[in-house]
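Structural overview
Read off the chains here:
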Amino acid sequence: YQPATALYAVGASGLVVSLAAKETLANLLGALVLSLDAPFEVGDRVVLNGHDGTIVDIGLRSTRLLLRSGRLLSVPNGKVIDADIENVSSEPSRKVVMDVPIVNNTPAAAVAELLKASEQA
């Protein structure tokens, strides 16, 4: 039995464990940073690195985003804290311009009702 061999084995094992734990620690740290910085919360609509959707869960390992296509995207928190995040929900309102064709004989009351409904949407 040689002590140097045992030391090498312990050192190599420590290196393997630390490399394996690197991603897990990055994700846990990411969860901590997300809770402190709070760039978004569950229910917010965000654009995260080009992916547009609604935050459905912020866990210890990952953040889940329900995409507008209906798919669920899970992003490791270590990557979320380094991502470009646009919080669409933080906008007080959004202006949308649309052309709505109305024929000449449309009653004025119907046009007024349409305008009122568009203001509430």
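Quantities reported herein were computed from a predicted structural model and do not represent experimental measurements. (Residues numbered from 1 in each chain as written. Predicted model: local features only at pLDDT ≥ 70, side-chain atom pairs only at ≥ 80, totals over all residues. Heavy atoms only, no water.)

Scanning the protein chain for helices and strands turns up three helices and five strands. Against the globule reference of 14 Å for 121 residues, the protein chain gives a C-alpha radius of gyration of 26 Å, more extended than a compact globule. For the protein chain, the C-alpha atoms occupy an extent of roughly 100 × 25 × 20 Å along the three principal directions. Burial analysis of the protein chain (121 residues in total) assigns 18% to the buried set. Sequence-distant contacts in the protein chain: of pairs separated by 6 or more residues, those separated by 24 or more amount to 38%. For the protein chain, the exposed area adds up to about 9300 Å²; of that, 59% sits on carbon and sulfur atoms. (Helix = DSSP H or I, 4+ residues; strand = E, 2+ residues; numbered from the N terminus. Rg over C-alpha atoms; globule rule 2.2 N^0.38 Å. Buried < 20%, exposed > 50% of the residue type's maximum accessible area, 1.4 Å probe, protein only. Contact = heavy atoms within 4.5 Å. Areas by Shrake-Rupley, 256 points an atom, 1.4 Å probe, with all protein chains shown as cover.)

This part takes up the nonpolar core. One finds Leu 34, Phe 40, Val 46, Leu 48, Ile 55, Leu 65, Leu 67, Val 75, Val 80 and Ala 83 forming the largest nonpolar core, which totals 10 residues. Those elements that provide at least two residues to this core are strand E1 (45-48) and strand E3 (62-67). Look past the residues within four positions of Val 80 in its chain and what remains in contact with it is Leu 34, Phe 40, Leu 48, Thr 63, Val 75 and Ile 85. (Core = buried A, V, L, I, M, F, W, Y, C linked by side-chain atoms within 4.5 Å.)

Strand pairs in the sheet, formed through backbone hydrogen bonds, run parallel or antiparallel to each other. The five strands are arranged E4-E3-E2-E1-E5 in an open sheet whose pairing can be described as antiparallel. The sheet is open, and its two edges are formed by strand E4 (72-76) and strand E5 (85-87), each paired on a single side. When the angles between neighbouring strand axes are averaged without regard to direction, this sheet yields 40°. Pairing between E1 and E5: three bridges, direction antiparallel. Bridged to Val 46 within E5 is Asn 87. (Pairing = 2+ DSSP bridges. Axes fitted to C-alpha atoms, helices over the stretch in contact; angles between N-to-C directions.)

Looking at the protein chain, the pLDDT average stands at 85 and 97% of residues meet or exceed 70. Summarising per-element confidence for the protein chain, the mean pLDDT is lowest in helix H1 (residues 3-37) (79) and highest in strand E2 (residues 51-58) (95). (pLDDT = per-residue confidence, 0-100.)

Enumeration according to the criterion identifies two salt bridges in this entry. The shortest N-O distance in the salt bridge between Asp 52 and Arg 45 comes to 2.7 Å. Classification of Arg 45 as partly exposed rests on a relative accessible area of 23%. One salt bridge connects Arg 68 with Asp 52, and the closest N-O pair in it is separated by 3.9 Å. Of this pair, Arg 68 sits in the loop between E3 and E4 while Asp 52 is found in strand E2, placing the two residues 16 residues apart along the sequence. Given the relative accessible area of 24%, Asp 52 is considered partly exposed. (Salt bridge = Lys/Arg side-chain N within 4 Å of Asp/Glu carboxyl O.)

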